[in-house]
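Commentary on secondary and tertiary structure
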Amino acid sequence: MAEAKRPAVPHFSDVALSLAEGEAEEQALAVVLRVKPGWERQNVAVSRCTDGITNIIVKCTHTEPSSGGAETALVRIYGKKTETLINRERELTNFRRLHTYGLSPELHATFTNGYVYGYFEGEACEKETVKDPSLYPLLARKIAQLHKVPLDANAQPQLFVTIEKWLAGVPTSFPEEDRTKQLQDLGMPHLLIQLKELREKIEQLHAPVVTSHNDLLCKNIIYDREKGTVNLIDYEYTTPNWRGFDIANHFNEHTGVDPPLDYSLYPGKEFQFDFLRTYLSEFCGKDKADIADAEVGLVYAEVAKFALASHFFWGVWALIQAANSTIAFDFLGYACQRFSEFRRRFDEFMALECKL
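What comes next is a walk through the structure. (Residues numbered from 1 in each chain as written. Predicted model: local features only at pLDDT ≥ 70, side-chain atom pairs only at ≥ 80, totals over all residues. Heavy atoms only, no water.)

A short note on the overall build of the protein chain
For the protein chain, the count of helices and strands is 10 helices and 11 strands. Against the 2.2 N^0.38 benchmark of 21 Å for 356 residues, the protein chain shows a C-alpha radius of gyration of 21 Å, consistent with a compact globule. Reported as C-alpha extents along the three principal axes, the dimensions of the protein chain are approximately 60 × 55 × 40 Å. Partitioning the contacts of the protein chain with sequence separation of at least 6, the portion at a separation of at least 24 is 72%. Averaging the positions of the 39 positive and the 50 negative side-chain charges in the protein chain gives two centres separated by 4 Å. (Helix = DSSP H or I, 4+ residues; strand = E, 2+ residues; numbered from the N terminus. Rg over C-alpha atoms; globule rule 2.2 N^0.38 Å. Contact = heavy atoms within 4.5 Å. Lys, Arg positive; Asp, Glu negative; His and termini not counted. Charge placed at Lys NZ, Arg CZ, Asp CG, Glu CD.)

Concerning the sheet that holds strand E9 (residues 221–224)
Sheet architecture is open: three strands sit in the order E7-E9-E10, paired in antiparallel fashion. Every other strand in the sheet has two partners, leaving strand E7 (123–124) and strand E10 (229–232) as the edge strands with one partner each. Strand direction decides the pairing type here: E9 and E10, joined by four bridges, are antiparallel. Bridged to Ile222 within E10 is Asn231. Contacting E9 and E10, helix H3 (residues 136–147) crosses the sheet at an angle of about 45 degrees to E10. (Pairing = 2+ DSSP bridges. Axes fitted to C-alpha atoms, helices over the stretch in contact; angles between N-to-C directions.)

Let's talk about the pairing of strand E4 (residues 70–77)
In terms of burial, E4 is a largely internal element, six of the eight residues being buried. In terms of strand pairing, strand E3 (residues 56–63) meets E4 through eight bridges, oriented antiparallel. Note that in E4 the partner of Ile57 across the bridge is Arg76. Count of turn residues in the E3/E4 antiparallel hairpin: six residues, of which Gly68 carries a positive phi of about 80 degrees. (Buried < 20%, exposed > 50% of the residue type's maximum accessible area, 1.4 Å probe, protein only.)

Observations concerning the sheet that holds strand E5 (residues 107–111)
The strand order E1-E5-E6-E4-E3-E2 describes an open sheet built from six strands, whose pairing is mixed. Looking at the sheet topology across the chains shown, the edges are occupied by strand E1 (11–12) and strand E2 (44–49). In this structure, E5 lies alongside strand E6 (residues 114–117), joined through four bridges in antiparallel fashion. Counterpart to Ala109 in the pairing with E6 is Val116.

Things to note about unusual backbone geometry
Following Pro259, the chain continues to Pro260 via a peptide bond in cis, the omega torsion being 0 degrees. By the secondary structure assignment, Pro260 is in the loop between helix H7 (243–253) and helix H8 (269–284). In this structure, Lys81 is a non-glycine residue whose phi angle is positive, near 60 degrees.

This is how it looks when you write it as structure tokens:
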């Protein structure tokens, strides 16, 4: 599909929204009313979405009294110092580009520390629902559709580029002695040795480089049961990357986000094989029955390596967030669990080959 010409999006350089509860909601409504001048304030319901751990999201829904019809706009307010983690200019470019492929909502406007955008109807998934047989095949195909969005000819995978950049921002201590000890107990020097070994193994795979979401946690998957559709949201981490990272990252997210993470929920081989066969059917343009077990097995082994990379990626991310974020979340505890699972599965996943 050729990309349509994208019209200019208004930018409000005079707007910078507060992150404080109460203030954020009121200020978000004010900026939405600038974008939607036909909305009447008294007919707009405003609520803060509570699932985000990077940004503040405010939902504004306008209901037309005469018809009962409703329209929703979301306001994303960037979290404190998240520019150290996220290239915001690239995020907006990705958002608008993917909208032309029907993969993201419309971007309505930007402001100094965020933007206003459209809304996909449906319910955000939970770790209890992502294995639903009516849902996960739709998701596997949606990921494949994203991965088929063309990249620039010189696009390179950004996984290790990003990790190296983030490592430079990892704190060496915290104001609290107990948190500093948790940080030191991670044993970062040895983790870095393992990361080097993992990188060498991944680069030997020569896996396809695709347009990768990079953050397929359950809440970023919207399932519309009535329509039987799945959509992906929150493309702020999207970059070119190896195909296996997106899939492995999603499998890791089956364990949840809030510590303690339940790694007993990591999907088993049978589930992974069916998910991967469905994905490859869409990605390769073949009937599912024509995808050979050997082909699925190779991707299964590939994904295992990227599951390790996903743990390291989000472990480093969480250490930076632990030092900077004002969002109420145990980022340090989360980092400790991700690195612990990285270590626990390292030898197993590194050794895994295609064995049917």
